[in-house]
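Here are the chains, one letter per residue:
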Amino acid sequence: MKRYWKMFILVVVGVLALTACSSEEKAGEGASDKLVIYTPNSEGLINATIPAFEEKYGIKVELIQAGTGELFKKLESEKDSPVADVMFGGTYTTYALHGELFEEYVSAENENVIEEYRNTNGYSTPFTLDGSVLVVNKDLTKGMDIKGYADLLNPELKGKISTADPVNSSSAFSQLTNILLAKGGYDSDDAWNYVEDLFTNIDGKINSSSSNVYKTVADGEMAVGLSYEDPTVKLLNDGANVEIIYPEEGTVFLPANSAVVKNAKNMDNARKFLDFIISKDVQEVLAKSTTNRPVRDDVEIGENMKPLADIKTLTEDYEYVIKHKDEIVQHYNEIFVDIQSK
């Protein structure tokens, strides 16, 4: 009889142990109701995504907002004990230079993204696109036919073209690489000769920030701005007397990315968030309530945003730009200093 009691006790202990293990698993990453997100994104983009995610999953998001560079420095310093679960925002180039900070994860929604902008490196998920554009003040360019970069060499525009500094502004650097690609290639003499002619016509009018570029055009201080799509479409939505020109030579669209932080404490929730931001429902919300271009082509875009199919697009050589960024910046700097010294 004692023998049977011993066996019974062993079975009960075993069942209790299995139950405890199962409970521990559920109480781990799956049962968490928290998610920590680092983001440089605009309030509009945040308001269109975070509250809806919290409501859908019952997960409380802790948001830490700062510039992209500052947040990546935080991720680097915290890599042995991560605070963030998700990095939400930033360019492909920035992620490519810090791949060791992120978990490998490809969302099941990835196959629904426009093929050119899918997650191909295994960890960074594109969620919106932004292209380099020209923003034109209609009053100050009457009688001018501006269709692309070539038209910016018009002598009537000397000193009336607004740009930020490619050395310090990511959007201005993206515009520079767009110009080089459109005019023959990153190391093309013809392309760099055009850059010299363009900045001669810009005549030293370099803005301290990218936001000043489109603001000075909308305010009538400058005739043309070398800008990007998101804020210029917002100008149109707000009724500004401007026009957006997608250069006839071609426009590069660069994706904003998101990724799961390596060894994230709330791993399951982080993966849910990446699935969520490229889901059809959320992409439709972004397309209709913000000025961010979706990465899916099965959603309807806003009325002031030109369909991608109607734009001549160029594809950035990410690997080349990452490898040669310092050289490109240095070449530009030499040209600018030379122009200013004349």
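Cut-offs applied
Residues numbered from 1 in each chain as written. Predicted model: local features only at pLDDT ≥ 70, side-chain atom pairs only at ≥ 80, totals over all residues. Heavy atoms only, no water. Salt bridge = Lys/Arg side-chain N within 4 Å of Asp/Glu carboxyl O. Helix = DSSP H or I, 4+ residues; strand = E, 2+ residues; numbered from the N terminus. Buried < 20%, exposed > 50% of the residue type's maximum accessible area, 1.4 Å probe, protein only. Contact = heavy atoms within 4.5 Å. pLDDT = per-residue confidence, 0-100. Core = buried A, V, L, I, M, F, W, Y, C linked by side-chain atoms within 4.5 Å. Polar contact = N/O pair within 3.5 Å; in protein donor to acceptor, adjacent residues only side chain to side chain. Axes fitted to C-alpha atoms, helices over the stretch in contact; angles between N-to-C directions. Parallel < 35°, antiparallel > 145°, perpendicular 65-115°, else oblique. Left-handed = near helix turned anticlockwise from the far one by under 90°.

1. A closer look at the pattern of salt bridges
Opposite charge on two side chains lets them pair, provided their charged atoms get close. On inspection of all chains with the given rule, the structure shows 13 salt bridges. Salt-bridge contacts for E109 lead to R296; the nearest nitrogen and oxygen are separated by 2.8 Å. With E109 in the loop between α4 (92-96) and β4 (125-137) and R296 in the loop between β10 (293-294) and β11 (313-314), this pair connects stretches of sequence that are 187 residues apart. Residue class for E109 comes out partly exposed when judged on its relative accessible area of 23%.

2. Considering helix α8 (residues 229-237)
At 3.6 residues per turn, the α-helix brings residues three or four places apart onto the same side. Where α8 is concerned, the buried positions are E229, D230, P231, T232, V233 and L235. On the buried face of α8, the contacting elements are β4, α7 (210-218), β7 (224-228), β8 (242-245), β9 (251-260) and β10. Count one or two residues on from α8 and you reach G239, which has phi positive near 90 degrees.

3. Notes on the confidence of the model for the protein chain
Here the protein chain averages 90 in pLDDT, and 91% of its residues register 70 or above. In the model, residues 1-30 has pLDDT below 50 throughout and makes 6 contacts with residues more than four positions away in sequence or in other chains.

4. So, unusual backbone geometry
Its identity is not glycine, yet D203 carries a phi of approximately 60 degrees, on the positive side. Mapped onto the elements of the fold, D203 is located in the loop between α6 (189-202) and β6 (206-207). The phi dihedral of N263 is positive, around 60 degrees, even though this residue is not glycine. Summarising the element assignment, N263 is placed in the loop between β9 and α9 (267-277). N263 sits in the partly exposed class, given a relative accessible area of 48%.

5. Considerations on the environment of I161
For I161, the position within the fold is in strand β5 (residues 161-164). I161 has contacts with L152, L198, N201, I202, K205, M222, V224 and L226, leaving out every residue within four places of it along the chain.

6. Some details on the nonpolar core
As a rule of thumb, nonpolar side chains are buried together in soluble globular proteins. Membership of the largest hydrophobic core comes to 38 residues, with the highest contact counts inside it found for L152 and L198. Sorting the residues of this core by element identifies β4, α5 (170-182), α6, β7, β9 and α11 (318-341) as the ones contributing at least two each. With 9 residues, the single largest contributor to this core is α11.

7. Considerations on the side chain of N110
Mapped onto the elements, N110 comes out in the loop between α4 and β4. Owing to a relative accessible area of 12%, N110 belongs among the buried residues under this scheme. In this structure the side chain of N110 is engaged in a polar contact, spanning 2.8 Å, whose partner is the backbone nitrogen of N119. In this structure, N110 is in contact with R118, N119 and I278, ignoring residues within four places of it in sequence.

8. Comments concerning the packing of α5 against α6
For any two helices packed against each other, one specifies the inter-axial angle together with the distance between the axes. Direction vectors running N to C along α5 and α6 enclose 130 degrees, while the axes themselves pass 8 Å from each other. Taken together, the axis directions place α5 and α6 in an arrangement best described as oblique. As α5 runs across α6, the sense of the crossing is right-handed. Between α5, through L176, I179 and L180, and α6, the contact on the second element is made entirely by A191, W192, Y194, V195 and L198.

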